[in-house]
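As a plain string of letters, each chain reads:
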Amino acid sequence: MRTSTRIAGALTGLTLTLGGAVLAAPAVRADIPACTQMAQLAGATDSDAVTAACRRGVVGDLQGCATGLTGAGVAGGAATGACRAAAHEPR
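These numbers come from a predicted model, not from an experiment.

Asker: Explain the packing of helix α3 (residues 47-58) against helix α5 (residues 76-87) residue by residue, including any values.
Answerer: If you want to describe how two helices pack, look at the angle between their axes and the distance between the axes. The contact between α3 and α5 brings their axes to 7 Å, and the two run at 55°. By the criterion of interaxial angle, the relationship of α3 to α5 is oblique. When you trace α3 past α5, the crossing you get is right-handed. Between α3, through C54, G57 and V58, and α5, the contact on the second element is made entirely by C83, A86 and A87.

Asker: Give a description of the state of the cysteines that names residues and reports values.
Answerer: Simply put, disulfide is the name for a covalent bond between the sulfur atoms of two cysteines. Using the criterion set out here, one finds two disulfides in the structure. Through a disulfide, C35 is tied to C54; the S-S separation comes to 2.0 Å. Taking the sign of the S-S torsion, about -80° here, the bridge from C35 to C54 comes out left-handed. One end of the pair, C35, is in helix α2 (residues 32-41); the other, C54, is in helix α3, and 19 residues separate them in sequence. Each member of the pair, C35 together with C54, is buried. Paired through a disulfide, C65 and C83 show a sulfur-sulfur distance of 2.0 Å. Measuring handedness by torsion sign, the sulfur bridge of C65 and C83 sits at about -95° and is left-handed. Separated by 18 residues along the polypeptide, C65 in helix α4 (residues 62-71) and C83 in helix α5 bring together distant segments of the chain. Accessibility classification places C65 together with C83 in one group, the buried group.

Asker: Report on the environment of A86, specifying residues and quantitative values.
Answerer: Among the secondary structure elements, A86 is positioned in helix α5. Measuring from C-alpha to C-alpha, the distance between A86 and R56 comes to 8.6 Å, with 30 residues separating the pair along the chain.

Asker: Can you break down α3 residue by residue, with the values?
Answerer: In this model, α3 (12 residues) spans 16 Å end to end at C-alpha, consistent with the 16 Å of a helix rising 1.5 Å per residue. Residues V50, A53, C54 and G57 constitute the buried set of α3. Take α3 and look down its axis: the buried residues cluster within an arc of 100°, on one side only. Of the residues in α3, the exposed ones pointing more than 90 degrees away from the buried face are D48 and R55. Its side-chain oxygen placed 3.2 Å from the backbone nitrogen of D48, D46 serves as the N-cap of α3. A positive phi of about 95° marks G60, the residue just after α3.

Asker: Hey, could you go over the confidence of the model for the protein chain for me, with residue numbers and the actual values?
Answerer: Per-residue pLDDT for the protein chain has a mean of 78; in total, 65% of the residues score no lower than 70. Mean pLDDT values for the elements of the protein chain range from 52 in helix α1 (residues 3-24) up to 95 in α4. In this model, residues 20-28 is a region of pLDDT below 50 whose contacts with residues beyond four sequence positions or in other chains number zero contacts.

Reading the values: rules and limits
Residues numbered from 1 in each chain as written. Predicted model: local features only at pLDDT ≥ 70, side-chain atom pairs only at ≥ 80, totals over all residues. Heavy atoms only, no water. Axes fitted to C-alpha atoms, helices over the stretch in contact; angles between N-to-C directions. Helix = DSSP H or I, 4+ residues; strand = E, 2+ residues; numbered from the N terminus. Parallel < 35°, antiparallel > 145°, perpendicular 65-115°, else oblique. Left-handed = near helix turned anticlockwise from the far one by under 90°. Contact = heavy atoms within 4.5 Å. Disulfide = S-S within 2.5 Å. Buried < 20%, exposed > 50% of the residue type's maximum accessible area, 1.4 Å probe, protein only. Expected span 1.5 Å × (residues − 1). Arc of directions from axis to C-beta. Polar contact = N/O pair within 3.5 Å; in protein donor to acceptor, adjacent residues only side chain to side chain. pLDDT = per-residue confidence, 0-100.

Below, the structure written as structure tokens:
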């Protein structure tokens, strides 16, 4: 078998494998609106900071999310709850 044919076959196999992994991966959905609403109800004062913090919660950075929400005027327990809401898919 020629080297160019082997390389083409290997690249095709790799492309199909990676493409299948992307298609099989579950879609990550998060609930930023629930997080921001909970934060606003808990007394958040800066909506831009709340949105940024909730986005941290979406990617799993719950500590960074809670710290951001606390800085925006949300009490600690409410901030943690809002960040947990951000990490879950919408209902």
